[in-house]
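Geometric and topological summary
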Amino acid sequence: MDLFAPFVAPAAAQQLVRLHVRQFAMSADPLSLRVGETLRLRIVTRVDENLLELDNVTLPDLSGFESLGDERQCTTAYRGSQCVETMTLTPTLPGDRTIAGATLEAIDARTGRAVQFSSNTVTVHVEGEPVPNYFLQALFDGLIRPFLVLLLVAVVGYAALWGWRRRPKPVAPPPPVAAAPPPPPAPVVPPLRSLVDALAAEPTRANALAVRGELRRSIGAREEETLADLRARKATRGDADLDAALRATEIAAFADDSRLQGAIADAIPPLRRLAGPPAEAVL
Amino acid sequence: MNGVVTPPRVLLDALADTVVGQEAVLESLVQALIAGGHIVLEGPPGLAKTLACRALATAVGGSFKRVQFTPDLLPSDIVGTRIFDQRSGEFTTVLGPVFANVLLADEINRAPAKVQSALLEAMQERQVTIGPQTFPLPEPFVVTATMNPLDSEGTYALPLAQMDRFLVKVLVDYPKPDEEERILQRFGGAQPALPENVVSVADVLAWRDQAHAVHLEPRLAKYAVALVAATRAPHDYVERGASPRATLAIAALARARALLDGRDFALPDDVRAAAPDALRHRLAFNYRLLTDHVDPERIVTDLIASVPTP
């Protein structure tokens, strides 16, 4: 890449900054677009020096594009700086548009000489859109559009009139029917209690998983949250039984078969304290 | 061996006595040691990366070698070479520093590709061929490599295929202010004392057997697969996802974490906690990540968070 083309006279060089230029590149995104759409043109300069701003960058000729905005930013890293100039452009003409390289004038720290660094060029493919027919446009705006508006108003008015004429006649309300007596209320068993009952009666992994799922649902656990996440965000709000039950059902869900019964036995006491006594005992 | 195996928590506590803070880094080191994998530590200079590796070797009681990787390093500087003995008229083999239980490859990305390849081949095969002879490496054999992400000038980035050989990549961050105060109080300019030999090489080998026996529920195995599969889904910034080696790594690290916690079964937390270390160096990001100034660690975190836990 021809980065180091010497050009500047020694007198002019005295006002230039001494730079160790690592990268001076230009890119566009997207490289293919239509007239009226926008693209971002980025000029990235990486130097070994710490800079707050970078002057002496000459932008390329952007004829055929309309500039919608320009932003410059220099960030300083552990060693050196990166300055990025981002321009938002919109092409005004179709065709392949080649944007000439930007230039940076500085004293090359390698040689001590004033040089002009040139970036790469960028070619953007711009697809055109049909050229507007101004006569048809004027005709549409002057005559056809008012006519269409009037026609729309007439159609809406006619539809409203037609609907009003065909409106249904008011019907007398049916005589009141004696309401059937409500069924006797079923005993309300909270889901957790019934699941704990099932786990106590049949200590299987499937029942342990069901209890674990209900516990997680009851504290609003998101599906991507693990037990550590729940504890970290204090989802149990300091409830020791809830915490113990979560821990015990977690073990029951994932321990090997030899530990399953022990884990369920550990889980039942805190679960009972949370869910209440067995449903039969209440009835 | 008298049959009594020291629990791995003892090793972790000994390391924590030497290295202030960096608990997550030390845990990852011990987990990788248990899982039988190699470790790459990435962080700015001065964050006790080398000290942590040295402390690990001392605490385990195995042999420790350190190689400072430089651009002029040769493969024979790592694996060894054959030297002609004029008195006997025969070639003798001089084994390189790779023949150690813990090898610290300091700033591994400063050596050219052929040196990296020589080391990574030894890491994979766990043996070295010098001339006509093949020498097995000692067991356990753990490579702890360090990389500095800031000063990238004059470095040779490790290709993705080679990074894949490392079981984990651990990020080492700056200590918190209170930790830094403790560092100042404890060391104050003096050389930090290395831990004593608290466990044996035989203990490490026993931990590996125990870790293999840690129960990993099939739903957890599916979770590990789903985590890796999430990295292969089309993504704005990820060019290529992780390999099945990542799935194996997550499972091995989850088992090691469970063992370190004194359990013989793994939990979803073990799998999820293992994922970042096992995945971050196995993803290939595209150029947009750089141009949009996106932190790759955030991508890894988001990908992991997108997978429902079992």
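Everything here concerns the structure above.
In what follows, the accompanying structure is described. (Residues numbered from 1 in each chain as written. Chains lettered and ligands numbered in written order. Predicted model: local features only at pLDDT ≥ 70, side-chain atom pairs only at ≥ 80, totals over all residues. Heavy atoms only, no water.)

What follows deals with the overall build of chain B. For chain B, the helix and strand inventory stands at 13 helices and eleven strands. In chain B, which comprises 310 residues, the share counted as buried stands at 50%. For chain B, the share of sequence-separated contacts (at least 6 apart) that also reach a separation of at least 24 residues comes to 78%. Element-wise, carbon and sulfur atoms account for 54% of the exposed surface of chain B, whose accessible area totals about 14,100 Å². (Helix = DSSP H or I, 4+ residues; strand = E, 2+ residues; numbered from the N terminus. Buried < 20%, exposed > 50% of the residue type's maximum accessible area, 1.4 Å probe, protein only. Contact = heavy atoms within 4.5 Å. Areas by Shrake-Rupley, 256 points an atom, 1.4 Å probe, with all protein chains shown as cover.)

A few words now on helix H6 (residues 240–254) of chain A. Under the 1.5 Å per step criterion, the end-to-end length of H6(A) is 21 Å for 15 residues, consistent within 8% with the ideal 21 Å. Within H6(A) the residues assigned to the buried category are A:Leu242, A:Ala245, A:Leu246, A:Ala248, A:Thr249, A:Glu250, A:Ile251, A:Ala252, A:Ala253 and A:Phe254. Buried positions along H6(A) lie against helix H4 (205–218), helix H5 (227–232) and helix H7 (257–275) of chain A together with helix H9 (218–232) and helix H11 (268–279) of chain B. Two to three positions downstream of the cap, the backbone nitrogen of A:Asp241 sits 3.0 Å from a side-chain oxygen, assigning the N-cap of H6(A) to A:Asp239. (Expected span 1.5 Å × (residues − 1). Polar contact = N/O pair within 3.5 Å; in protein donor to acceptor, adjacent residues only side chain to side chain.)

Once that is clear, we can look at the interface of chain A and chain B. When the parts of a complex come together, some accessible area is lost, and that lost area is often taken as the interface size. Every contact between the two is made by 26 residues of chain A and, on the other side, 23 residues of chain B. Taking both partners together, chain A and chain B bury about 2,000 Å²; carbon and sulfur atoms supply 50% of that area. Joining chain A to chain B, the criterion identifies four salt bridges. Measuring nitrogen to oxygen at the nearest pair gives 2.7 Å for the salt bridge that ties B:Arg272 to A:Asp229. For the interface between chain A and chain B, the tally reads ten residue pairs in polar contact (both at pLDDT 80 or more). Counting residues per element, the ones that place at least two in the side of chain A that touches chain B are strand E5 (39–47), H4, H5 and H6 of chain A. (Buried area = accessible area lost by both parts, 1.4 Å probe. Salt bridge = Lys/Arg side-chain N within 4 Å of Asp/Glu carboxyl O.)

So, about the state of the cysteines. Residues and elements named next belong to chain A. All chains considered together, the criterion is met by one disulfide over all chains. Each disulfide pairs two cysteine sulfurs, and for Cys74 the partner residue is Cys83, the sulfurs being separated by 2.0 Å. Handedness here is read from the sign of the S-S torsion; for Cys74 and Cys83, about 110°, the answer is right-handed. (Disulfide = S-S within 2.5 Å.)

According to the stated counting rule, one finds 30 salt bridges over all chains in the structure shown. The residue B:Arg257 makes a salt bridge to B:Asp270 at a minimum N-O spacing of 2.7 Å. One end of the pair, B:Arg257, is in helix H10 (residues 244–260); the other, B:Asp270, is in helix H11, and 13 residues separate them in sequence. Judged by relative accessible area, which is 25%, B:Arg257 ranks as partly exposed. Accessibility expressed as a relative area gives 0% for B:Asp270, which makes it buried. Among the ionic contacts, a cluster of salt bridges with common partners joins A:Arg205, A:Asp257, B:Glu217 and B:Arg219.

All names here are of chain B. Of the pairings in the sheet, the one linking strand E6 (residues 127–130) to strand E7 (residues 133–136) comprises four bridges and is antiparallel in character. Bridge pairing in E7 links Gln127 to Pro136. Linking E6 to E7, which pair antiparallel, is a turn of two residues; within it Gly131 sits at a positive phi near 60°. (Pairing = 2+ DSSP bridges.)

The next thing to look at is the environment of B:Arg66. Residue and element names in this part refer to chain B. Along the chain, Arg66 turns up in strand E2 (residues 64–68). The class for Arg66 is partly exposed, based on a relative accessible area of 41%. On a C-alpha basis, the gap between Arg66 and Thr50 in space is 9.2 Å, while along the polypeptide they are 16 residues apart. Of the polar contacts made by the side chain of Arg66, one reaches the side chain of Gln68; its length is 3.1 Å. A distance of 2.5 Å separates the side chain of Arg66 from the side chain of Asp106, its partner in a polar contact.

Attention now goes to the packing of aromatic side chains. Residues and elements named next belong to chain B. Applying the stated criterion across every chain, the model contains two aromatic pairs over all chains. Measuring from centroid to centroid gives 5.2 Å for Phe84 and Phe91, while their planes differ by 65°, and the two rings are edge-to-face. For Phe91, a relative accessible area of 47% corresponds to the partly exposed category. The ring of Phe265 carries the charged tip of Arg263 above its face, separated from the ring centre by 5.9 Å. (Phe/Tyr/Trp six-rings, centres within 6.5 Å; stacked < 30°, edge-to-face > 60°. Lys NZ or Arg CZ within 6 Å of the ring centre and 35° of its normal.)

Glancing now at the packing of H9(B) against H10(B). Residues and elements named next belong to chain B. Between H9 and H10, the shortest axis-to-axis distance is 9 Å and the interhelical angle comes to 145°. Our pair here, H9 against H10, has a crossing hand that is right-handed. Where H9 approaches H10, its residues Ala224, Val225, Val228 and Arg232 are matched on the opposing element by Pro244, Ala246, Thr247 and Ile250. (Axes fitted to C-alpha atoms, helices over the stretch in contact; angles between N-to-C directions. Left-handed = near helix turned anticlockwise from the far one by under 90°.)

Now for the sheet that holds strand E8 (residues 142–147) of chain B. Residues and elements named next belong to chain B. Read across the sheet, five strands follow the order E2-E5-E8-E1-E9 without closing on themselves; strand pairing throughout is parallel. The strands lining the two open edges of the sheet, one partner per strand, are E2 and strand E9 (168–171). The sheet shows a mean angle of 20° between the axes of neighbouring strands, taken without regard to direction. Looking at chain direction, strand E5 (residues 102–106) and E8 are connected through four bridges and run parallel. Pairing of Leu104 across the sheet is with Thr144, part of E8.

Another aspect to go through is unusual backbone geometry. Note that the residue after A:Asp29, namely A:Pro30, is joined by a cis bond; omega there is 0°. Backbone torsion omega between B:Glu139 and B:Pro140 reads -5°, so that peptide bond is classified as cis. On the secondary structure map, B:Pro140 appears in the loop between E7 and E8. Non-glycine residue B:Ala48 carries a positive phi angle of around 70°.

Here the focus is the sheet that holds strand E12 (residues 122–127) of chain A. Residue and element names in this part refer to chain A. Ordered by their spatial adjacency, three strands build an open sheet running E4-E12-E9, and the pairing between neighbours is mixed. Where the open sheet ends on each side, the last strands, each with one partner, are strand E4 (32–34) and strand E9 (95–99). Across the sheet, the axes of successive neighbouring strands diverge by a mean angle of 30°, strand direction being ignored.

Take the pairing of strand E1 (residues 39–42) of chain B next. Residue and element names in this part refer to chain B. Residue alternation in E1 divides its side chains into two sets, Ile39 and Leu41 and Val40 and Glu42, and both sets are buried. Sheet topology note: the E1/E8 ladder contains four bridges and is parallel. Looking at the pairing, Leu41 lines up with Thr146 of E8.

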